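Here is how the chains run, residue by residue.
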Amino acid sequence: MRLVAPVAALVAAAVALTPAAPAQAAAPTVKISRIWYDSPGSPDSGANSSLNGEYVQIRNTGRSAVNLSGWTVRDETARADHVYTFGTFTLRAGKTVTLRTGKGRDTSTTLYWGRSGGGTFAYIWNQTKDTGYLRNARGQLVHKCSYNSSRHAYKNC
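Per an unreviewed UniProt entry, the protein chain is named Intermediate filament tail domain protein, and its organism is Nonomuraea coxensis DSM 45129.

Participant: In this structure, what is going on with the pattern of salt bridges? I would like to understand it.
Facilitator: When the charged atoms of two side chains lie near each other, side chains of opposite charge can form a pair. A complete count under the given rule lists two salt bridges for this structure. Residue Asp81 is joined to Arg79 by a salt bridge in which the shortest nitrogen-to-oxygen separation is 2.7 Å. With relative accessibility at 34%, the residue Asp81 sits in the partly exposed group. We classify Arg79 as partly exposed; its relative accessible area is 37%. In this structure, Asp81 engages Arg115 in a salt bridge whose closest nitrogen and oxygen atoms are separated by 3.4 Å. Of this pair, Asp81 sits in the loop between strand 4 (72-74) and strand 5 (83-85) while Arg115 is found in the loop between strand 8 (110-112) and strand 9 (129-135), placing the two residues 34 residues apart along the sequence. Relative accessible area serves as the criterion here: at 10%, Arg115 is assigned to the buried category.

Participant: Just to check I follow, could you spell out the confidence of the model for the protein chain for this structure?
Facilitator: When pLDDT drops low, the exact placement of atoms in the prediction is not to be read closely. For the protein chain, per-residue confidence averages 85 on the pLDDT scale, and residues scoring 70 or more make up 81% of the total. Note on residues 1-24: pLDDT under 50 across the span, and zero contacts to partners over four residues away in sequence or across chains.

Participant: Please explain the packing of aromatic side chains as it appears in this structure.
Facilitator: The description of an aromatic ring pair uses the distance of the two centres, along with the angle that the planes make with each other. Evaluation of the coordinates by the stated rule reveals six aromatic pairs. Between the aromatic rings of Tyr37 and Tyr147, the centroid separation amounts to 3.8 Å while the plane-to-plane angle is 5°, which identifies the pairing as stacked. Taken together, the residues span a long stretch of sequence, with Tyr37 in the loop between strand 1 (30-36) and helix 2 (48-51) and Tyr147 in strand 10 (residues 141-148) at a distance of 110 residues. Exposure remark for Tyr37: the relative accessible area of 1% places this residue in the buried category. Looking at Tyr147, the relative accessible area reads 5%, which means it is buried. Counting every residue linked through ring pairs, the aromatic cluster contains Tyr84, Phe86, Phe89 and Trp113. The ring of Tyr154 carries the charged tip of Arg34 above its face, separated from the ring centre by 4.5 Å.

Participant: For this particular structure, what's the right way to read the nonpolar core?
Facilitator: One recurring pattern in soluble globular proteins: nonpolar side chains tend to sit buried together. If you look at the biggest cluster of nonpolar residues, it comprises 23 residues, and the most contacted ones within it are Ile58, Val73, Phe86 and Trp125. Every element with two or more residues in this core is listed here: strand 1, strand 2 (55-60), strand 7 (96-100) and strand 10. The residues touching Ile58, leaving out its near neighbours within four places in the chain, are Val30, Lys31, Ile32, Ser33, Val73, Phe86, Leu91, Lys95, Thr96, Val97 and Leu134.

Participant: How should I be thinking about the state of the cysteines in this particular structure?
Facilitator: Every disulfide links exactly two cysteines, by a covalent bond between their sulfur atoms. Enumeration over the complete set of coordinates arrives at one disulfide. Each sulfur of the disulfide joining Cys145 and Cys157 lies 1.9 Å from the other. Torsion about the S-S bond of the Cys145 and Cys157 cystine: about -80°, corresponding to left-handed handedness. Here Cys157 lies in the segment after strand 11 (154-156) and Cys145 lies in strand 10, a separation of twelve residues in the sequence. For Cys157, a relative accessible area of 33% puts it in the partly exposed group.

Participant: When you look at the pairing of strand 10 in this model, what are you seeing that I'm missing?
Facilitator: One face of the sheet, then the other: side chains in a regular strand alternate in exactly this way. In the sheet, strand 9 pairs with strand 10 via seven bridges, with the strands oriented antiparallel. Pairing of Arg135 across the sheet is with Leu141, part of strand 10. What sits between the antiparallel neighbours strand 9 and strand 10 is a turn of five residues, in which Gly139 has the positive phi angle 85°.

Cut-off values and rules
Residues numbered from 1 in each chain as written. Predicted model: local features only at pLDDT ≥ 70, side-chain atom pairs only at ≥ 80, totals over all residues. Heavy atoms only, no water. Salt bridge = Lys/Arg side-chain N within 4 Å of Asp/Glu carboxyl O. Buried < 20%, exposed > 50% of the residue type's maximum accessible area, 1.4 Å probe, protein only. Helix = DSSP H or I, 4+ residues; strand = E, 2+ residues; numbered from the N terminus. pLDDT = per-residue confidence, 0-100. Contact = heavy atoms within 4.5 Å. Phe/Tyr/Trp six-rings, centres within 6.5 Å; stacked < 30°, edge-to-face > 60°. Lys NZ or Arg CZ within 6 Å of the ring centre and 35° of its normal. Core = buried A, V, L, I, M, F, W, Y, C linked by side-chain atoms within 4.5 Å. Disulfide = S-S within 2.5 Å. Pairing = 2+ DSSP bridges.

Okay, here's the thing in structure tokens:
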């Protein structure tokens, strides 16, 4: 019976000295899920149908809706016209929104960057290598997706 107190003290000391598990960053609930970078018919003169064949998909894997107003999507290019800023838009839980490069009428599942003209310069996504960045309204990086292949037309992120 005399050993119970020393054993209990040793166990308590061992627990106190055990390092806590490192905190891990939570996986983003809103992320880029796909970039379709090689649209059918591209490169061409930048026809709207071809521009809209190029897109990025944003998915909300969380359990609650996320207000994307003011969030941005861009590629590696430093040009201001390669940045899309979400207007008033809420992405519901478990849903995906497709952001197409060309022009069209926005819906709850499809948005349009609004690019046209400029021939091949109207495209956003390079056909062999690029990175898509998703930032929140404060400018903080939420998710990114890179690809480096001309063997595929899209990248699942």
